[in-house]
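Overview (structure and organization)
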Amino acid sequence: DAGVTQSPTHLIKTRGQQVTLRCSPKSGHDTVSWYQQALGQGPQFIFQYYEEEERQRGNFPDRFSGHQFPNYSSELNVNALLLGDSALYLCASSQPGGDGYTFGSGTRLTVV
Amino acid sequence: DQQVKQNSPSLSVQEGRISILNCDYTNSMFDYFLWYKKYPAEGPTFLISISSIKDKNEDGRFTVFLNKSAKHLSLHIVPSQPGDSAVYFCAAEGAGSYQLTFGKGTKLSVIP
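Sequence positions are assigned chain by chain, starting from 1 and proceeding in written order. Chain A is the first chain written and ligand 1 is the first ligand written, with later ones labelled in order. For a predicted model such as this one, the threshold for reporting local features is a pLDDT of at least 70, and the threshold for listing and counting side-chain atom pairs is 80 or more; totals across whole chains, interfaces and linings nevertheless cover every residue. Each side-chain value is derived from all of the structure's non-hydrogen atoms; neither hydrogens nor water enter the calculation.

A closer look at a nonpolar patch on the surface
A patch consists of residues exposed above 30% relative accessible area that lack any salt bridge, with like charges linked at up to 9 Å and nonpolar side chains (Val, Leu, Ile, Met, Phe, Trp, Tyr) linked at up to 5 Å. Each accessible area is a Shrake-Rupley estimate made with a 1.4 Å probe; only the visible protein chains count as cover when residues are assessed. The term salt bridge refers to a side-chain nitrogen of Lys or Arg lying within 4 Å of a carboxyl oxygen of Asp or Glu. Taken together, the side chains of Ile 18, Ile 20 and Val 78 of chain B present a nonpolar region at the surface, about 230 Å² in accessible area. The secondary structure listing takes helices from DSSP runs of H or I that are at least 4 residues long and strands from runs of E that are at least 2 residues long, numbered from the N terminus. For Val 78 of chain B, the location among the structural elements is in the loop between strand 8 (72-77) and strand 9 (86-94).

Rendered as structure tokens:
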């Protein structure tokens, strides 16, 4: 039973570019949350998707956007990349009334 | 403004002894608390949780204590094992909220 799958595992982008990160939730989970973990910090909530809609958003600018597909997988898009966007991006899936959040191993984004 | 604080960046404990990891929070709306363990190059893994209506929850070697009046929780690991060496994150969730608010983490090293 696959857990949460994220791709790619590592990515290097140039300042000003755009990036798309992908997440496949754990089997049976229908909700996807995205977190940003900067070096030496705890994960910070970006947003959560449920029923293909953004259900809640953290304190991140509009450059961060997302999408959820009918198969519950999700994408995180970041436009106009800044050096400060360099971080580990974690995807977590869950289901209502379920067993909590299951995290993927993350995508390490480096902006140069 | 950090709402969940883990004031000890690191902790070293001898194998077989007790490890105590501490966490403080400021937001009175938090009503559910979780501990996650994270190994390098992996996503956070759920360890144990506690609802605000309880003051203690046990699961094998892991016990979480909650002191609501002090807005403080702690994770006890007894006995500590070398495989417990990891970064431990405290996280909190408020009623009706879909986001986890994390602390910065405490790196636990269990010395054989």
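What to know about the sheet that holds strand 8 of chain B
Residues and elements named next belong to chain B. The rule for pairing is simple: two strands pair if DSSP sees at least two bridges between them. Pairing in this open sheet of 5 strands is antiparallel, and the strands run 1-3-8-7-6 from one edge to the other. Of all strands in the sheet, those with a lone pairing partner are strand 1 (4-5) and strand 6 (56-59), marking the two edges. Here 6 bridges tie strand 7 (residues 62-67) to strand 8, and the two strands are oriented antiparallel to one another. The residue of strand 8 that forms the bridge with Asn 67 is His 72.

Observations regarding the pairing of strand 7 of chain B
Residue and element names in this part refer to chain B. As paired strands, strand 6 and strand 7 are joined by 4 bridges and run antiparallel to one another. Across the sheet, the residue bridging to Asp 59 is Phe 62, located in strand 7. What sits between the antiparallel neighbours strand 6 and strand 7 is a turn of 2 residues, in which Gly 60 has the positive phi angle 65°. The antiparallel hairpin formed by strand 7 and strand 8 contains 4 residues in its connecting segment, where Lys 71 sits at a positive phi of about 50°.

Some points on the pairing of strand 4 (residues 31-37) of chain A
For a regular strand, the rule is simple: side chains alternate between the two faces of the sheet. Residues and elements named next belong to chain A. Of all 7 residues in strand 4, 7 are buried; the element is thus mostly enclosed. Side-chain alternation along strand 4 places Thr 31, Ser 33, Tyr 35 and Gln 37 on one buried face and Val 32, Trp 34 and Gln 36 on a second face that is also buried. Pairing of strand 4 with strand 5 (residues 44-50) involves 6 bridges; the strand directions are antiparallel. Residue pairing across strands places Val 32 opposite Tyr 49, the latter belonging to strand 5. Here strand 4 folds back onto strand 5 in antiparallel fashion, the turn holding 6 residues, of which Gly 40 has a positive phi close to 80°. Exposure categories follow from relative accessible area, calculated using a 1.4 Å probe and restricted to protein chains: below 20% of the type maximum is buried, above 50% is exposed, and the middle band is partly exposed.

Remarks on the interface of chain B and chain A
Working rule for contacts: check all heavy atoms of both residues, and any pair within 4.5 Å makes them a contact. Chain B puts 15 residues into the contact, and the matching count from chain A is 17 residues. Here chain B and chain A share 0 salt bridges between them. Every element with two or more residues in the side of chain B that touches chain A is listed here: strand 4 (30-38) and strand 9 of chain B. Residues are grouped as follows: nonpolar covers Ala, Val, Leu, Ile, Met, Phe, Trp, Tyr, Cys and Pro; charged covers Asp, Glu, Lys and Arg; every other residue, Gly included, is treated as polar. Looking at side-chain class alone, the side of chain B that touches chain A contains 7 nonpolar, 4 polar and 4 charged residues.

Considerations on the state of the cysteines
When two cysteine sulfur atoms are found within 2.5 Å, that pair is recorded as a disulfide. Under the criterion given, the structure shown has 2 disulfides over all chains. The residue that forms a disulfide with Cys 23 of chain A is Cys 91 of chain A, at a sulfur-sulfur distance of 1.8 Å. Measuring the twist about the S-S bond at about -60°, one finds the Cys 23 of chain A-Cys 91 of chain A disulfide to be left-handed. Taken as a pair, Cys 23 of chain A in strand 3 (residues 19-24) and Cys 91 of chain A in strand 9 (residues 87-94) lie far apart in primary sequence, 68 residues in all. An identical accessibility class is assigned to Cys 23 of chain A and Cys 91 of chain A; each is buried. Between the sulfur of Cys 23 of chain B and that of Cys 90 of chain B lies a disulfide, 2.1 Å long from S to S. Taking the sign of the torsion about the S-S bond as the criterion, the disulfide between Cys 23 of chain B and Cys 90 of chain B, at about -75°, is left-handed.

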